[in-house]
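Fold and geometry: a report
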Amino acid sequence: MARPPQDPQIRINEILDTADQLFFTRGYHATTISDIAKKMGVAQGTLYYYFKSKEQVLETLLDRHAAFLISEIKNIYCLTTTPAEKIALVISVALHRANYKNGLLLNMLYDAQNLQLKEKLFHQLELALSPWLLKIIEEGIANQDFFVPYPPTAVDYILVIADFLSKALYQKTSDEILTSRLTMAEALIEKALGAQEKTIHITPTG
């Protein structure tokens, strides 16, 4: 077995990058640990030094995407823009990340064999995103852009809508239906936040 590099994270990232490419080109189920090792030009045992199984590779890959998303959300919170625009950006970025590589992540998450992993990841994302959404809503309340009696409930509502929209992307609905769902989602979020009409604009593929 090849000797691991001094920084394990370097090799882990190489494995994840290669797996990401193969999952997209061949499909998750058609890709094996052996395929990943061959693509990297290393012994199969090298991968097992870092990951117990292909499922663990997938879970770590999804965790990495989730970490990227959280980083993007933190940057959005720091923008000098309106709270309504921040809320729209948070949802847009989340959907854009979910639609990565023409829905690769969603296809893997909604696969019947990975539904438990989907629930786990979505729960982790909810826990990570909720505080930032709450901060934005509280900023909107302070600015009198939002009028929300109980902000945590509004956060939960927004997360449910985001999940609904992500499923629409997974199902690859027509542009007409997707536009209709986005319009309805925007109106519902505005209502939940007590925001002015036409202030939330979600663009999941931008």
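Rules and cut-offs
- Residues numbered from 1 in each chain as written.
- Predicted model: local features only at pLDDT ≥ 70, side-chain atom pairs only at ≥ 80, totals over all residues.
- Heavy atoms only, no water.
- Phe/Tyr/Trp six-rings, centres within 6.5 Å; stacked < 30°, edge-to-face > 60°.
- Helix = DSSP H or I, 4+ residues; strand = E, 2+ residues; numbered from the N terminus.
- Buried < 20%, exposed > 50% of the residue type's maximum accessible area, 1.4 Å probe, protein only.
- Lys NZ or Arg CZ within 6 Å of the ring centre and 35° of its normal.
- Core = buried A, V, L, I, M, F, W, Y, C linked by side-chain atoms within 4.5 Å.
- Contact = heavy atoms within 4.5 Å.
- pLDDT = per-residue confidence, 0-100.

Quick look at the packing of aromatic side chains
We describe a pair of aromatic rings using the distance from one ring centre to the other and the angle between the two ring planes. Applying the stated criterion across every chain, the model contains three aromatic pairs. Both rings, one in Tyr49 and one in Tyr50, keep their centres 4.9 Å apart while their planes meet at 75 degrees; by these two values the pair is edge-to-face. Taking the centre distance of 5.4 Å and the plane angle of 65 degrees together, the rings of Tyr77 and Trp132 count as edge-to-face. Within this pair, whereas Tyr77 is found in helix H4 (residues 54–77), its partner Trp132 is found in helix H7 (residues 115–142), the two being separated by 55 residues in sequence. Since its relative accessible area comes to 27%, Tyr77 is described here as partly exposed. In this structure, Lys54 is placed above the aromatic ring of Tyr28, and the distance from its NZ or CZ to the ring centre is 4.3 Å.

Thoughts on the nonpolar core
Core analysis: the biggest nonpolar cluster contains 66 residues, and Phe23, Ile87, Ile137, Ile189, Leu193 and Ile202 have the highest contact counts within it. Beyond its immediate sequence surroundings of up to four residues, Ile189 is in contact with Ile87, Ile91, Ile158, Ile161, Ile200 and Ile202.

Details of unusual backbone geometry
Positive phi values are uncommon outside glycine, yet Lys172 reaches one of about 50 degrees. Considering the arrangement of structural elements, one finds Lys172 in the loop between helix H8 (151–170) and helix H9 (175–193). On the basis of relative accessibility, which here comes to 47%, the residue Lys172 falls in the partly exposed class. At Lys198, a position not held by glycine, the phi torsion is positive, near 65 degrees. Within the element layout of this structure, Lys198 appears in the segment after H9.

Re the confidence of the model for the protein chain
Detail in the predicted coordinates should be disregarded across regions flagged by low pLDDT. Of the residues in the protein chain, 96% reach a pLDDT of 70 or more, and the chain-wide mean stands at 88. Averaged over each element, pLDDT in the protein chain is lowest for helix H6 (residues 100–109) (74) and highest for helix H2 (residues 33–40) (95).

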